[in-house]
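These are the residues of each chain, in order.
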Amino acid sequence: MNIYRSHVLICGGTGCTSSKSDKLQKEFQNLIQKKDLDKEVKVVRTGCFGLCEAGPIVIVYPEGSFYSQIKLEDVEEIVEEHLLKGVVVKRLLYKGAISEEAIKSIYEVDFYKKQERIALKNCGVISPEDIYEYIAFDGYMGLAKALTEMSPEEVIKVVTESGLRGRGGAGFPTGLKWNFAAKATGNEKYVLCNADEGDPGAFMDRSILEGDPHSVIEAMSLAGYAIGSNQGYVYVRAEYPIAVQRLQIAINQAREKGLLGKNILGTGFDFDMEIRLGAGAFVCGEETALIASIEGERGMPRNKPPFPANKGLWQKPSLINNVETYANIPQIMLKGVDWFKSIGTEKSSGTKVFALGGKIENTGLVEIPMGTPLRKVIYDIGGGIPNGKEFKAVQTGGPSGGCITADHLDTPIDFDSLVALGSMMGSGGMIVMDEDNCMVDIARFFLDFTVEESCGKCNPCREGTQRMLEILERITEGKGEVEDIDKLERLAKTIKDTSLCGLGQTAPNPVLSTLKYFRHEYEAHVIDKTCPAGQCKALLDYFITDKCKGCTKCARVCPSSCITGKVKEIHSINNKLCIKCGACMEACPFDAIILK
Amino acid sequence: MKSIEELRKVKEESLKRINLRKDREEGTRIVVSMDTCGIAAGARSILMSLLDEVNKRDLKDVTVTQTGCIGACNLEPVFEVYKPGEEKVTYVHMTLEKAKQVMEEHIINGKIVQEYTIGSNQ
């Protein structure tokens with residue numbers, strides 16, 4: 001066994017891969033070989049580090065040096081200076097890793113220091129394609145402990161007492177679910193993993209599968225032991241090619257090492273699993289639709305009950321959990337109930353992974369204890385709002401959730417507090433909005449998504465969301481009437497009450513919550529015909545300010561010839577003729593044209 | 001893997017390979033000066049031999065890292081030992097044999113090898 005003095009970890013998450021981290025890896029390997037360091041320095045491709053904003057990311061151990069936004073031509077300097085001569089290349093370090101001339105390791109950077117990583121523990125630390133690295137950091141020990149020291153009932157007891165709740169959205173107690181599936185009668189049962197992550201802006205499940213696929217395999221085996229099942233299926237969307245590939249490699253390796261298959265660890269327990277690819281329909285994240293899709297049927301939900309725990313896949317009892325939920329389980333087994341309960345709040349124990357996006361400095365993945373105030377996530381970890389803009393609201397739970405305003409920034413985040421605010425945890429997408437975002441337009445954006453993704457089985461969702469979208473479009477185009485707001489509210493409540501599945505039941509949430517907190521913006525659109533945030537183009541007019549030098553460029557590009565003015569004199573726009581194409585604004589070299 | 005014992009063994013062995021990625025604030029750090037002059041004087045083989053010893057003896061709380069020139073080029077190869085609660089000790093004019101001796105006497109048994117320190121060699 002060769003021991004290396006230094007490890008170069010290169011992020012292989014989807015974000016960094018799309019900024020060419022695979023080429024970086026080759027370049028590192030190439031140059032390390034050239035310098036004859038290949039027996040001393042190891043290059044490892046890992047999963048997502050979480051700080052996607054700073055990608056592609058390279059970490060050099062044992063120092064823990066945190067290099068960010070590394071380009072191909074920077075590699076030589078790192079190899080020459082750091083790996084050969086031992087001098088950290090300061091100019092390439094992440095900006096948060098240098099303070100008062102002292103260099104911080106990755107663990108000391110604010111973004112990481114303020115997090116608590118359980119589900120993402122191994123992401124960015126191990127190679128997801130090497131089962132030994134997972135085993136080195138206690139991998140499969142939780143399964144080994146359960147199989148040798150605990151009865152299935154005891155495993156379920158631990159999960160129940162830990163207070164773990166489903167991380168996929170609704171926060172249903174996981175132990176209870178396991179208990180239902182264990183009690184269900186049937187000679188054959190299935191363990192399913194819901195990796196059909198569909199919220200725009202959420203990518204935690206993808207990152208776990210890409211960075212630590214074995215944690216999901218281990219947890220599903222544990223679930224199999226607990227409920228009496230020997231077969232698992234992971235339902236993952238084909239849009240996640242890296243996740244699918246790494247999960248398949250992990251399954252193969254686990255089989256090879258006897259950690260999946262017959263007689264696992266000599267205990268007589270059999271468990272195996274397979275991947276099922278989805279085509280990326282949002283509705284397939286709903287459990288009954290997901291089951292239909294695995295069966296080869298069209299992905300549509302059905303009525304509940306019967307619940308999947310009693311009649312699931314092929315009418316057999318099935319346990320279905322989300323990726324992040326599973327990723328917590330091996331460590332709960334290993335470290336115990338008290339440890340897990342010591343993190344988070346009384347009713348929501350443990351941590352939650354959030355995908356931070358939108359108007360925020362540090363776009364990426366963060367894992368924090370439940371009960372952390374929103375302010376800490378957005379300002380301390382997320383780095384605040386870029387360009388000195390004012391925070392307006394944050395959308396949690398994607399198209400099924402709602403917005404939370406500045407007044408509630410100090411609310412501790414957990415399942416129940418978010419519901420109380422009219423939003424929901426959802427899978428953990430957090431889209432931050434600043435003063436430039438129009439809330440009516442945001443509601444329209446999410447409705448547009450749900451209309452597209454509605455499966456069409458039930459009328460309220462199929463027709464209702466379509467009608468809501470039409471009203472919202474009308475409002476943002478300046479054709480809305482005062483009654484539209486009430487109509488919208490009535491429709492939203494009806495759809496919520498009468499839809500068949502979670503998709504329809506939650507689709508009106510973005511509208512209801514923006515109506516609750518930003519009704520004045522809706523009213524400005526329909527009564528005053530203005531958009532306070534300056535987003536809805538149809539409600540805005542172009543003006544030429546006195547910055548105009550009279551160069552005539554705007555007049556020449558205007559397709560409707562509505563700009564007049566003499567050379568070297570301030571021009572003006574005839575707003576009656578203007579078609580609001582914005583060509584003049586783009587053409588103006590003096591930034592003299594504004595929208596108001 | 002056929003048993004939990006086997007899994008434990010695999011774990012112990014694998015951990016040695018990637019132990020250096022763990023977040024550690026305690027423990028001993030050996031820092032080898034690896035600039036151009038150090039490398040020319042043979043610092044690389046010393047670095048590798050230290051690593052080898054750490055691994056062979058399974059010293060989990062010892063990390064071996066490198067640094068740039070410390071400015072004492074005539075004293076190369078040089079390495080520094082940082083133990084918690086102790087002053088930094090700088091060893092100079094190192095050879096493979098001397099490095100091994102430092103490993104045994106200082107790193108493991110906590111007794112500084114005075115004759116090789118920078119103070120005795122200036």
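Please read these numbers as outputs of a predicted model, since none were measured by experiment.

Draft legend 1. The arrangement of the sheet that holds strand β11 (residues 318–322) of chain A in detail. All names here are of chain A. If you trace the five strands from one edge of the open sheet to the other, you get β9-β10-β8-β7-β11, paired in mixed fashion. Strand pairing shows two members of the sheet lacking a second neighbour, β9 (261–264) and β11, which therefore form its edges. Averaged over all adjacent pairs, the angle separating strand axes in this sheet is 25 degrees, with direction ignored. Looking at chain direction, strand β7 (residues 190–195) and strand β8 (residues 231–237) are connected through six bridges and run parallel. Bridge pairing links Asn194 to Tyr235 in β8.

Draft legend 2. View of the nonpolar core. Residues and elements named next belong to chain A. Within the largest apolar cluster, 78 residues are counted, with the highest numbers of intra-cluster contacts made by Tyr140, Trp178, Ile217, Met220 and Tyr326. Counting the residues that make up this core, at least three belong to each of domain 2 (131–340) and domain 3 (351–434). Those residues in contact with Ile217 that sit more than four places away from it in its chain are Tyr140, Leu247, Ala250, Ile251, Ala254, Leu260 and Met273. One finds Cys11, Leu51, Leu356 and Ile404 within the second-largest nonpolar core, a separate group that totals 48 residues.

Draft legend 3. Geometry of the packing of helix α9 (residues 204–211) of chain A against helix α13 (residues 323–335) of chain A. All names here are of chain A. In the contact formed by α9 and α13, the axes pass within 9 Å of each other and the chain directions differ by 45 degrees. Comparing their axes, α13 and α9 come out oblique. Residue-level contacts link Met204, Asp205, Ile208 and Leu209 of α9 to Val323, Glu324 and Ala327 of α13. Grouping the constituent residues of the contact of α9 with α13 by class yields five nonpolar, no polar and two charged.

Draft legend 4. Representation of the side chain of Glu218 of chain A in the model. All names here are of chain A. Along the chain, Glu218 falls in helix α10 (residues 213–227). Buried charge Glu218 goes without a salt bridge, the closest partner of opposite sign being Lys121 at 8.4 Å. At a separation of 2.9 Å, a polar atom in the side chain of Glu218 contacts the main-chain amide nitrogen of Tyr140. Contact partners of Glu218, with chain neighbours within four places excluded, come to Tyr134, Gly139, Tyr140, Met141, Gly142, Leu143 and Pro330.

Draft legend 5. The pattern of salt bridges, seen in detail. Residues and elements named next belong to chain A. Enumeration over the complete set of coordinates arrives at 42 salt bridges over all chains. Between Glu161 and Lys157 there is a salt bridge, and its shortest N-O distance comes to 3.8 Å. Of this pair, Glu161 and Lys157 both sit in helix α7 (residues 152–162), four residues apart, roughly one helical turn. Exposure remark for Glu161: the relative accessible area of 40% places this residue in the partly exposed category. With a closest N to O distance of 3.6 Å, Asp486 and Arg519 form a salt bridge. With Asp486 in helix α19 (residues 482–498) and Arg519 in helix α21 (residues 509–528), this pair connects stretches of sequence that are 33 residues apart.

Draft legend 6. Seen up close, the interface of chain A and chain B. If you look at the interface, chain A gives 46 residues, while chain B gives 33 residues. Taking both sides of the interface into account, the surface hidden between chain A and chain B amounts to around 3,300 Å²; carbon and sulfur atoms contribute 63%. Here chain A is connected to chain B by four salt bridges. Between Arg17 of chain B and Asp130 of chain A there is a salt bridge; the shortest N-O distance is 3.8 Å. Counting across the chain A and chain B interface gives 12 residue pairs in polar contact (both at pLDDT 80 or more).

Draft legend 7. Representation of the pairing of strand β1 (residues 6–11) of chain A within the structure. Residue and element names in this part refer to chain A. By the criterion of burial, β1 is predominantly enclosed, with six of the six residues buried. Burial along β1 is two-sided: the residues Ser6, Val8 and Ile10 and His7, Leu9 and Cys11 are all buried. In this structure, β1 lies alongside strand β2 (residues 41–46), joined through six bridges in parallel fashion. Bridge pairing links Ser6 to Val41 in β2. Summarising the sheet, β1 and strand β3 (residues 58–61) pair through four bridges and their orientation is antiparallel.

Draft legend 8. Representation of the domain arrangement of chain A. Residue and element names in this part refer to chain A. Here chain A is described as being made up of domain 1 (6–109), domain 2 (131–340), domain 3 (351–434), domain 4 (439–528) and domain 5 (541–595). Put simply, the middle of domain 1 and the middle of domain 3, counted by C-alpha atoms, are 30 Å apart. With five residues of domain 1 in contact, the opposing surface of domain 3 contributes six residues. Here domain 1 and domain 3 share an interface that buries about 420 Å² over both sides, 46% of which is from carbon and sulfur atoms. When the area that domain 1 buries against domain 3 is broken down by residue, the three leading residues are Gly50, Leu51 and Glu53, summing to 67%. In this assembly, domain 1 and domain 3 are joined by zero salt bridges. Where domain 1 touches domain 3, the interface holds three residue pairs in polar contact (both at pLDDT 80 or more). Grouping the amino acids of the side of domain 1 that touches domain 3 by side-chain chemistry returns three nonpolar, one polar and one charged.

Draft legend 9. Inspection of unusual backbone geometry at higher detail. Residues and elements named next belong to chain A. Cis peptide bonds are those with omega within 30 degrees of zero, and the linkage from Lys304 to Pro305 qualifies with -10 degrees. For Pro305, the location among the structural elements is in the loop between α12 (287–294) and β11. Cis geometry marks the peptide bond from Pro305 to Pro306, where omega comes out at 5 degrees. With respect to the helices and strands, the residue Pro306 is situated in the loop between α12 and β11. Phi angles above zero are rare outside glycine, and Gln315 is one such case at about 65 degrees. Here Gln315 lies in the loop between α12 and β11. Look at Lys568: it is not a glycine, yet its phi comes out positive at around 65 degrees. Considering the arrangement of structural elements, one finds Lys568 in the loop between β18 (563–564) and β19 (572–573).

The rules behind the values
- Residues numbered from 1 in each chain as written.
- Chains lettered and ligands numbered in written order.
- Predicted model: local features only at pLDDT ≥ 70, side-chain atom pairs only at ≥ 80, totals over all residues.
- Heavy atoms only, no water.
- Pairing = 2+ DSSP bridges.
- Helix = DSSP H or I, 4+ residues; strand = E, 2+ residues; numbered from the N terminus.
- Axes fitted to C-alpha atoms, helices over the stretch in contact; angles between N-to-C directions.
- Core = buried A, V, L, I, M, F, W, Y, C linked by side-chain atoms within 4.5 Å.
- Buried < 20%, exposed > 50% of the residue type's maximum accessible area, 1.4 Å probe, protein only.
- Domains from an automatic or database assignment.
- Contact = heavy atoms within 4.5 Å.
- Parallel < 35°, antiparallel > 145°, perpendicular 65-115°, else oblique.
- Nonpolar A, V, L, I, M, F, W, Y, C, P; charged D, E, K, R; others polar.
- Lys, Arg positive; Asp, Glu negative; His and termini not counted.
- Salt bridge = Lys/Arg side-chain N within 4 Å of Asp/Glu carboxyl O.
- Polar contact = N/O pair within 3.5 Å; in protein donor to acceptor, adjacent residues only side chain to side chain.
- Buried area = accessible area lost by both parts, 1.4 Å probe.

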